[in-house]
Amino acid sequence: MTETSLAKLAELVGGEVLGDPQLPIRGVADLRMGGPGTIGFLRDASRIELARSSGCAALLVPAPLEGLAAAQVVVRSPDSAFARIASFFHPPPRASRHEVHPSAVVDPGAVLHQPVRIDALVSVAAGAEIGAGSYLGAGVMVGRGVRVGRDCSIHPRVVLADGVRLGDRVVLQPGVVIGGDGFGYAPEPGGSWARIPHVGTVELGDDVEVGANSAIDRATLGVTRIGRGTKIDNLVHIAHNCDFGEDCAIAAFSAFSGSTRVGDRVQIGGHCVSRGHNSVVADARIAGGSVLWDDVDEPGDYMGYPLMSRVHWLRTLHAFRDIAEERGLNRANRRRSAAERSEPEHGDG
Amino acid sequence: MTETSLAKLAELVGGEVLGDPQLPIRGVADLRMGGPGTIGFLRDASRIELARSSGCAALLVPAPLEGLAAAQVVVRSPDSAFARIASFFHPPPRASRHEVHPSAVVDPGAVLHQPVRIDALVSVAAGAEIGAGSYLGAGVMVGRGVRVGRDCSIHPRVVLADGVRLGDRVVLQPGVVIGGDGFGYAPEPGGSWARIPHVGTVELGDDVEVGANSAIDRATLGVTRIGRGTKIDNLVHIAHNCDFGEDCAIAAFSAFSGSTRVGDRVQIGGHCVSRGHNSVVADARIAGGSVLWDDVDEPGDYMGYPLMSRVHWLRTLHAFRDIAEERGLNRANRRRSAAERSEPEHGDG
Amino acid sequence: MTETSLAKLAELVGGEVLGDPQLPIRGVADLRMGGPGTIGFLRDASRIELARSSGCAALLVPAPLEGLAAAQVVVRSPDSAFARIASFFHPPPRASRHEVHPSAVVDPGAVLHQPVRIDALVSVAAGAEIGAGSYLGAGVMVGRGVRVGRDCSIHPRVVLADGVRLGDRVVLQPGVVIGGDGFGYAPEPGGSWARIPHVGTVELGDDVEVGANSAIDRATLGVTRIGRGTKIDNLVHIAHNCDFGEDCAIAAFSAFSGSTRVGDRVQIGGHCVSRGHNSVVADARIAGGSVLWDDVDEPGDYMGYPLMSRVHWLRTLHAFRDIAEERGLNRANRRRSAAERSEPEHGDG
């Protein structure tokens with residue numbers, strides 16, 4: 001188990017220690033579950049009472065707090081600092097020494113830059129190249145000519161199909177498939193479909209992370225690209241020729257049809273779908289369950305089907321909730337109007 | 001092939017035999033496809049003619065029927081009885097004798113409680129413990145410190161990531177991933193994302209079943225929990241720190257964002273999505289395609305986006321279908337109203 | 001690298017050469033990226049300028065073009081012809097000579113019709129039969145009694161569960177699961193669920209293709225069937241007892257509940273969901289994000305939730321976008337109406 005001093009951790013996150021800088025810290029904890037040797041964090045003032053009763057030995061705080069038994073580290077962003085400290089204690093699995101499990105099948109034509117950690121029952125095909133520091137979990141299948149960068153964490157049973165390219169520090173959760181063929185067929189006169197071979201590839205930039213059982217398809221002729229630092233959740237589908245910018249966050253169950261273009265720092269909630277051949281401008285935020293049928297041209301918060309500004313959508317849902325009742329009223333109104341209009345006629349008669 | 005008497009089967013399901021109790025039964029069948037030695041079931045009166053013409057040797061029925069060639073077993077719930085009898089003839093794969101395929105890689109530090117059945121190309125890491133009677137299908141990857149209970153059926157190519165815990169009689173279909181890292185990142189000042197390590201785990205209670213290629217993430221610091229007896233369909237996503245009660249049924253393609261809490265006996269149809277940090281009360285039933293944005297506080301039948309009572313939603317959809325037409329009418333009305341309001345002025349003039 | 005003459009390719013697609021029939025062609029290319037030895041295609045007149053500046057040595061065109069440096073092949077459907085020519089240069093992986101990787105585990109009771117190509121760490125169980133020309137990628141798991149036809153391409157890490165049957169030229173992308181158990185349980189009096197064993201199987205017709213991490217469940221008692229030539233995208237769920245016709249195209253993330261019946265040549269966009277036990281008539285086209293709650297009885301273009309004709313839905317969305325504003329107007333109208341109705345009373349007073 002890693003142990004360090006509070007001072008070292010404060011240095012790591014650029015914070016100021018209030019209390020004993022030599023306090024030994026061995027792990028992170030929730031405010032409620034913390035004990036001796038653990039550090040927790042206080043995101044905002046709403047949890048001050050919890051912080052006061054916490055058993056954590058130290059707390060990351062946005063400003064000095066009175067009445068705390070725990071030592072404090074004052075930082076600008078406690079949750080970001082907590083993330084870094086948690087990563088210090090629990091880094092993603094990487095290779096510190098060269099270990100290739102005897103049951104792994106590494107083709108003599110593959111290149112392993114030492115050290116790498118390759119677990120049981122991994123297959124690495126000819127022409128593949130694995131960067132130093134990278135980890136391939138049990139059952140990972142690496143195709144021909146694949147390039148994996150340095151310090152990557154490829155969890156069990158990931159498939160990297162022939163020729164795909166990964167940057168450095170890429171993290172792929174179990175079951176991810178990178179480089180399946182795109183879904184492209186040309187209609188034949190008799191109603192059947194002619195297969196369009198997918199000759200392109202997939203490139204994941206540095207620090208890209210992808211969640212369990214997600215699938216990113218290779219391009220028809222060029223490259224399906226995911227920009228540096230973009231994070232993708234479980235069971236996401238990214239079709240051929242999509243192009244994602246940097247530092248995006250894409251939640252689970254979103255499906256991006258072919259040639260969708262997504263700018264930098266876009267955030268997309270769960271269960272969204274894009275029509276394909278459309279684009280989302282940088283810094284847009286799309287709430288879960290939305291349908292991206294057209295382009296999104298202005299940064300901002302969007303939601304719904306059809307996609308609207310978040311405010312417009314919430315107002316629309318509110319109105320929609322009443323539609324059945326209002327429709328009854330409208331009908332009654334129309335009947336009344338019709339009656340009123342006919343009354344004068346009777347009155348005239 | 002298993003063979004038994006009708007009397008034994010009747011005993012298994014607490015039913016009463018009408019006909020020859022010694023009739024040999026060797027399997028289950030559909031009413032239409034049944035032949036000698038098979039038992040079928042009649043759910044309700046709508047299929048009586050089919051039952052009369054069926055070739056099944058015996059039928060499970062809710063009440064004695066006249067004019068049947070087949071023997072009868074009278075039970076309260078024929079489909080539940082059928083499920084039990086079908087499970088008698090076709091139990092999920094388990095281990096009756098100890099068999100570890102020579103190609104499997106079992107770390108010397110793993111514990112196998114005999115008997116277990118471990119098929120080809122399975123990997124079991126150090127510190128894992130597999131309960132007696134359990135089956136690990138071909139290509140299953142079991143991480144460090146995993147605990148699998150008794151009589152579990154872990155189908156081919158499942159991944160159990162480090163430290164996850166399964167109860168007894170758990171059934172996981174091919175491709176399931178238990179214990180991928182949760183999707184949690186802290187925003188950094190420059191717009192990038194700091195990885196939040198997921199130090200927690202996943203616990204599946206006794207008799208939990210999960211469908212093909214579903215993914216259940218480990219908690220950030222605590223436990224993602226699925227209660228005893230809960231059944232989950234294919235391609236379902238359950239995020240970090242979700243907490244599901246007992247005996248729920250969750251259909252395919254539903255996605256539960258982080259920290260969703262679901263009570264006992266909740267039923268959720270396919271293609272639903274939860275916002276996260278919300279809760280669903282015990283005994284609620286949510287129809288397919290719904291969006292769970294807020295809490296569901298009362299048991300009952302719900303549907304839609306926004307979520308409404310099932311009745312309200314169906315009425316709303318009905319109204320929605322007419323919205324384009326009515327809008328035309330409303331516009332016409334407004335034009336007419338505007339005209340009427342302006343007419344008197346003219347009349348005044 | 002394959003090389004052929006332009007004349008041979010023209011013969012393959014039934015086209016007419018304008019230019020040198022002996023021109024050597026070694027691959028396909030995008031109009032923008034083409035160079036010597038490549039053939040591209042011009043779908044329609046909108047890209048004529050691009051065609052004129054393209055470096056491709058030859059182009060597939062719907063009609064003779066003036067001012068082209070490249071040789072031309074005139075065909076009725078350039079994209080269909082391009083698909084065929086690309087498949088000539090990049091056929092799906094198949095077996096031309098018999099190769100079984102030494103790390104593969106092939107049960108002595110399995111039948112391999114030579115030649116087959118079986119890559120590393122594949123498992124083929126007893127009673128399975130693999131047709132001549134077929135390829136099983138690394139980590140593929142083939143269950144007992146499975147039948148794989150001729151010239152199939154089964155990509156890495158696919159699971160074929162016990163007893164499923166594949167026709168000829170089937171292509172399965174990485175991570176596909178064929179034959180997981182269906183999601184069927186009978187409710188027990190205490191609120192728990194009795195498992196209904198799934199004794200049926202799955203049949204995929206000739207030329208069926210399925211995308212990465214999709215899952216097709218076995219039938220309860222009969223067969224889940226996918227008709228000849230039907231193409232299915234990534235992360236699609238097809239439940240027990242579904243029956244799909246021929247030449248359908250099903251985009252990513254669609255979920256078909258139990259016993260959905262889909263006719264021939266149906267096209268379904270991404271992120272659709274079917275209720276189950278409903279049917280879609282041949283030649284229907286359903287846009288992405290739709291909910292198939294009822295039967296679709298007439299061919300045509302459909303969209304939305306509730307499902308409507310495409311035209312009706314687009315009009316409805318348009319109206320829906322204004323609903324919040326109109327509701328404000330309606331309310332104002334109602335207040336005005338109420339005011340008008342009460343005014344006369346005051347006037348009377």
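Each value, and the rule that gives it
Note on numbering: residues in each chain are counted from 1, in written sequence order. Chain A is the first chain written and ligand 1 is the first ligand written, with later ones labelled in order. Local features in this predicted model are restricted to residues whose pLDDT is 70 or higher, and side-chain atom pairs enter the listing and the counts only when it is 80 or higher, whereas totals over whole chains, interfaces and linings include all residues. Values shown for side chains rest on all heavy atoms present in the structure; no hydrogens or waters enter the calculation. Superposing copies: least-squares fit, C-alpha atoms only, residues required to have pLDDT of at least 70 in both. Residues count as neighbours in contact if any of their non-hydrogen atoms are within 4.5 Å of one another. Here, any two strands with at least 2 DSSP bridges between them count as paired. For helices the rule is a DSSP run of H or I covering at least 4 residues; for strands it is a run of E covering at least 2, with both sets numbered from the N terminus onward. Helix axes are fitted only over the stretch in contact, all axes being lines through C-alpha atoms; the angle between N-to-C directions runs from 0 to 180 degrees. Any angle that is under 35 degrees is reported as roughly parallel, and any over 145 degrees as roughly antiparallel; angles of 65 to 115 degrees are reported as roughly perpendicular and all others as oblique. Here a crossing is taken to be left-handed if its near helix is turned anticlockwise relative to the far helix by less than a right angle, and right-handed if that turn runs clockwise. Lys, Arg, Asp and Glu make up the charged group, whereas Ala, Val, Leu, Ile, Met, Phe, Trp, Tyr, Cys and Pro make up the nonpolar group; the residues left over, Gly among them, are polar. We define buried area as the total accessible area lost by two parts upon association, computed with a 1.4 Å probe and summed across both. In the sections that follow, a salt bridge refers to a side-chain nitrogen of Lys or Arg positioned within 4 Å of a carboxyl oxygen of Asp or Glu. In the analysis that follows, any N or O atom pair within 3.5 Å is treated as a polar contact, provided that within protein one partner can donate a hydrogen and the other can accept it, and provided that, for residues neighboring in sequence, both atoms belong to side chains. Stacked, edge-to-face and tilted are the three classes for Phe, Tyr and Trp ring pairs, Trp counted by its six-membered ring, which pair at centre distances within 6.5 Å; planes under 30 degrees apart are stacked, over 60 edge-to-face, the rest tilted. Buried, partly exposed and exposed residues are distinguished by accessible area as a fraction of the type maximum, computed with a 1.4 Å probe on protein chains only: under 20%, between the cut-offs, and over 50%, respectively.

Engineer: Could you give an account of the relation of the copies chain A and chain B, with specific residues and numbers?
Structural biologist: Superposition record for chain A on chain B: RMSD 0.0 Å, screw rotation 120°, translation along axis 0.0 Å. The superposition of one copy onto the other is thereby described by a three-fold rotation axis. The overlap is low: 17% of the interface residues of chain A also sit at the interface in chain B, so different surfaces are used on the two sides.

Engineer: Describe the sheet that holds strand β18 (residues 159-160) of chain B, and please don't skip the residues or the numbers.
Structural biologist: Residues and elements named next belong to chain B. Here we have ten strands laid out as an open sheet, ordered β9-β12-β15-β18-β21-β26-β29-β32-β35-β38, and parallel in their pairing. This sheet does not close on itself; its edge strands, each paired only once, are β9 (105-106) and β38 (291-292). Strand direction decides the pairing type here: strand β15 (residues 141-142) and β18, joined by two bridges, are parallel. Looking at β18, one finds that Val142 is bridged to Leu160.

Engineer: How would you sum up the packing of helix α1 (residues 6-13) of chain C against helix α3 (residues 78-89) of chain C? Please name residues and give values.
Structural biologist: Residue and element names in this part refer to chain C. Relative orientation of the contacting elements α1 and α3 amounts to 125°, with a least axis distance of 9 Å. When the interaxial angle is binned, α1 and α3 end up oblique. For α1 against α3, the interelement crossing comes out right-handed. Residue-level inspection shows Leu9, Leu12 and Val13 of α1 in contact with α3, the latter providing Ala81, Arg84, Ile85, Phe88 and Phe89. Grouping the amino acids of the contact of α1 with α3 by side-chain chemistry returns seven nonpolar, no polar and one charged.

Engineer: Mind laying out the sheet that holds strand β2 (residues 16-18) of chain C, listing which residues take part and the relevant values?
Structural biologist: Residues and elements named next belong to chain C. Across the sheet, five strands lie side by side as β2-β7-β6-β5-β4; this open sheet has mixed pairing. Strand pairing shows two members of the sheet lacking a second neighbour, β2 and β4 (27-28), which therefore form its edges. Where strand β5 (residues 38-41) and strand β6 (residues 58-61) come together, three bridges link them in parallel fashion. Residue pairing across strands places Ile39 opposite Ala58, the latter belonging to β6. Each of β2, β5, β6 and β7 (71-74) is contacted by α1, which is oriented at about 15° to β7, the strand it contacts most. Across the sheet, α3 lies against β4, β5 and β6, angled at about 150° from β5, the strand it touches most.

Engineer: With reference to specific residues and values, describe the interface of chain A and chain B.
Structural biologist: The partner chain B presents 64 residues to the 63 residues of chain A that form the contact. Each partner contributes to the roughly 4,900 Å² buried at the junction of chain A and chain B, and carbon and sulfur atoms together form 65% of this total. Taken as a group, Arg157, Arg321 and Arg327 of chain A account for 13% of the area that chain A buries against chain B, more than any other trio of residues on that side. At the surface where chain A touches chain B, the tally comes to two salt bridges. With a closest N to O distance of 3.3 Å, Glu188 of chain B and Arg84 of chain A form a salt bridge. Inspection of the region where chain A meets chain B yields 17 residue pairs in polar contact (both at pLDDT 80 or more). Elements with a minimum of two residues in the side of chain A that touches chain B: α3 (78-89), β28 (231-232), β31 (249-250), α4 (310-321) and α5 (323-348) of chain A.

Engineer: Any chance you could break down the packing of aromatic side chains for me, citing the residues and the numbers?
Structural biologist: In the structure shown here, the tally under the stated rule is 27 aromatic pairs over all chains. Note on Phe244 of chain B and Phe256 of chain B: the rings are 5.0 Å apart at their centroids and 90° apart in plane angle, and the pair reads as edge-to-face. One end of the pair, Phe244 of chain B, is in strand β30 (residues 243-244); the other, Phe256 of chain B, is in strand β32 (residues 255-256), with twelve residues separating them in the sequence. Neither Phe244 of chain B nor Phe256 of chain B differs from the other in exposure class; each is buried. Ring pairs connect the aromatic residues Trp293, Tyr305, Trp313 and Phe320 of chain A, Trp293, Tyr305, Trp313 and Phe320 of chain B together with Trp293, Tyr305, Trp313 and Phe320 of chain C, which therefore count as one cluster.

Engineer: Kindly report on the pairing of strand β21 (residues 177-180) of chain B, identifying the contributing residues and their values.
Structural biologist: All names here are of chain B. With two bridges joining them, β18 and β21 adopt parallel strand pairing. Along β21, the bridge assignment pairs Val159 with Val177. Note: β21 against strand β26 (residues 215-217), three bridges, orientation parallel. What sits directly across from Gly180, in β26, is Asp217.

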